[in-house]
Amino acid sequence: MNMLLLVSLWTFIFLNNHFINAYCPDDEDLQRQQCTCNLNSNYIQCSALPKQCRTCYRYDEIYFDDKVTMLPEEAFRHYNFFGTNGKKSFKIQFAQLNMISSNTFSRIDLRSERILQIQILKYSSTVLPSRAFEDLAIQSKAKVNIDIFNVTSSMLTIEQYAFDGIRFNHESRFRLSILYAKDTILFESNAGSILLPSYSHMDLSFANFIQVIFEEHSFDHITQEHSSELILNFDRFQYATLSHNAFFDFHQLDLARFQLLLANFQSLTIEQTLFDTITQLKSSLIVSIYNLTNDLCIPSKTFSQIKQDVNSTFQLEINYGRNILFNSDSFTNINQKFESKLSVSVTNVYDVYFARYALNHIHQEDRSFVDIWMKYGQNLIFQDYAINNMDIYQASILRVGFQHSRGTLQMATNAFSSINEGQGGEFIFQIMNSSEFYFRFNKSISLKLLEIVDRSLSSQDLCHVANIPSHIPIKLTSDTLCSCTVYYLYRHLHRKLLQSDLNDLTPLCYRNMSLDDIEYAEHECSFDTKIHNCQQMEGQIEIDIPQGICEDNLRLNNKKQQQQQIKRKSSFKTVIFILILLGCLIFSITCIYVLFSKDKRLPSWNLFQKYLTHYRRQKLTIYSADSYQQLTHIDQHEPTTKRRKLLVKYNSTTDRTQPYLDIDKSDFIISNDDDGDDHEHNEDLTLKLNTNPMSDIEDNAV
């Protein structure tokens, strides 16, 4: 009895478990695809993709095994993930996908404050297709998180407009994360052409791969509206190549934020003109490079045609790297207005070089700020004309900071050229806890103010400031102690400036000294001797820029130019070949039309045909009735006034007629006529030609 009860109990448990795991109540589509529904663990497992799922809201997750490998268009349009209850999240998981179609995730309407999570454990396709997320509606405060754990193809191509068409709403968020890729991630042109509405957020993250390539105009025509945010994050890889105009025509409205983060990698190759035509309004654009193994070259026009207005920020920050070279026109054609900021922050690197015209054609006004800051590095070096053609107007500031660095701040004599200060603009050097620095300016430079802050200048610093022209107003911190260096900087200014203006510049100790005390201190310092000694120790100063840093970029640019030239030549040859082929085809069709169209032959063609037949007829050998007896040729030059007519007899077997031929009657075999005398004097002859060679000679007399 007990054994019977035990067996019954186990049977009941087995059947109940089988019933729970196998039966999907009230959903014929899931049943039709033989999906397994577990009501206890709240998940659905399928080996095929149902067209709709009306009861998905009852569960937390739907799992597709490795038999589901392709997703068609609008794959989840008729899936009810959340229903009317208060459930906040739902997860879709795929064991393996070989293909995602365009518009796969279209027509999904994600309700407010809901989270849809999509996980792909293995992705074998070579593309993320165009418009895969078009018409994906993300309502207010809702989120879509897509995680791809393993990309097995050697190259994953993000196609054009891959992220275009997502319908964002207030504070809605979209995140795509690829956690591992076998080799290369390639962004096609316009792959990231995006319109982000107000308060929307998009995050694209890629990690653990070999290299990433941005083709030309990869992120082209991006518009960020009020308070939107776009983040591109690349982490733990080896190589990155950013092509010409990869970020082009970029528009940010108030409080919008964009960040490009490249972290933990070996090499970065940048082609000319990376960021071009950027417009900012109360917004921020940040490019962060972290933990770069090799040297970095910032080539010409990397940051070009940037317009900043109303408290906007454009920031390049490099943390942990080797040598950094800002080549000619790295920053060029930049216009700042109303408290905008352009920041170049370099931390924990070796040497930073600013080549000729590294910062060129920059205009500041309305309290704008250009900040070049180096911390915890070695040498900060400015070549001749490194900063050129710069306007610092209306209380704007150009600041160069050298902080906690063990090397030297060096500048060529003409490093800062054509710098125009006006209406309260300031040029500031901020030296903090860095012992070696040398200021050198051309005697003709017309700076309104040079400020040196956070560094108390001692007598040992005289050689560091010896090349500052005496007409430049120098502002020091008020707590700086008086020394020969301080007296040297103000040796002429205290005679030219008003006492009130001088007090705004000098340290406190200098203000309390009388004019006689100052002149006595200057005499005791023996400036001429000290300056001569500085010049002897300095020798000839040469600023060398290691151009080898940019060799890879130059080779890449030259190679790409050659490829473009070859492509243009190939395209031109292809066009010529197509035109020639098209001409030959038209000519051939015309000829065929003329040859085979009996009723539409041109008069010129008929004349040509007559001439050709007449010519061939004259060349034929003429025979008598005895086919072996050749007749003599007609003298073609023999004059004749006879009018000849030839009537050709129609032959029904050949269905052909012979056209009129003007030839002599001796060319034909004609029948004898008893009335020969009458015909002998008749100049008009009518001949009947037998066109059937197998019959007897017919009588051709008329």
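Refer to the preceding data block for the structure.
Below you will find a few notes about this structure. (Residues numbered from 1 in each chain as written. Predicted model: local features only at pLDDT ≥ 70, side-chain atom pairs only at ≥ 80, totals over all residues. Heavy atoms only, no water.)

A count of helical and extended segments in the chain gives 12 helices and 47 strands. When the accessible surface of the chain is summed, it comes to about 36300 Å², and 50% of that surface belongs to carbon and sulfur atoms. (Helix = DSSP H or I, 4+ residues; strand = E, 2+ residues; numbered from the N terminus. Areas by Shrake-Rupley, 256 points an atom, 1.4 Å probe, with all protein chains shown as cover.)

Turning our eyes to something else, we now look at the pattern of salt bridges. Here the structure, examined in full by the defined rule, presents 17 salt bridges. Measuring nitrogen to oxygen at the nearest pair gives 2.8 Å for the salt bridge that ties aspartate 235 to arginine 236. Of the residues examined, aspartate 235 reaches a relative accessible area of 18% and is grouped as buried. Put simply, Asp29, Arg32 and Arg54 are held in one network by salt bridges that share partners. (Salt bridge = Lys/Arg side-chain N within 4 Å of Asp/Glu carboxyl O. Buried < 20%, exposed > 50% of the residue type's maximum accessible area, 1.4 Å probe, protein only.)

All of the buried residues in helix H8 (residues 515-525) are Ile518, Ala521, Glu522 and Cys525. Projected onto a plane normal to the axis of H8, the buried residues spread over an arc of 100° and lie on a single side. Of the exposed residues in H8, the ones pointing more than 90 degrees away from its buried face are Asp516, Tyr520 and His523. Positive backbone phi, at 50°, marks serine 526, one or two positions downstream of H8. (Arc of directions from axis to C-beta.)

So, on to the sheet that holds strand E28 (residues 296-298). Pairing within the open sheet is parallel, and its 6 strands lie in the order E28-E31-E34-E37-E40-E43. Looking along the sheet, the strands with just one partner apiece sit at the ends: E28 and strand E43 (436-437). (Pairing = 2+ DSSP bridges.)

Looking now at the state of the cysteines. Should the sulfur atoms of two cysteines be covalently bonded, the bond is a disulfide. Overall, the coordinates contain 6 disulfides when judged by the stated rule. Cysteine 24 shares a disulfide with cysteine 37; S-S distance 1.8 Å. Classification of the bridge connecting cysteine 24 and cysteine 37 rests on its S-S torsion, roughly 100°, and on that basis the disulfide is right-handed. With cysteine 24 in the loop between helix H1 (2-22) and helix H2 (28-32) and cysteine 37 in strand E1 (residues 36-38), this pair connects stretches of sequence that are 13 residues apart. One disulfide in the model links cysteine 482 with cysteine 509; its S-S distance is 2.0 Å. Where cysteine 482 bonds to cysteine 509 through sulfur, the torsion about that S-S bond is close to 105°, and the disulfide is right-handed. Here cysteine 482, found in the loop between strand E45 (474-476) and helix H4 (484-489), pairs with cysteine 509, found in helix H7 (residues 508-511); they are 27 residues apart in sequence, far enough to count as distant. For cysteine 482, a relative accessible area of 27% gives the class partly exposed. (Disulfide = S-S within 2.5 Å.)

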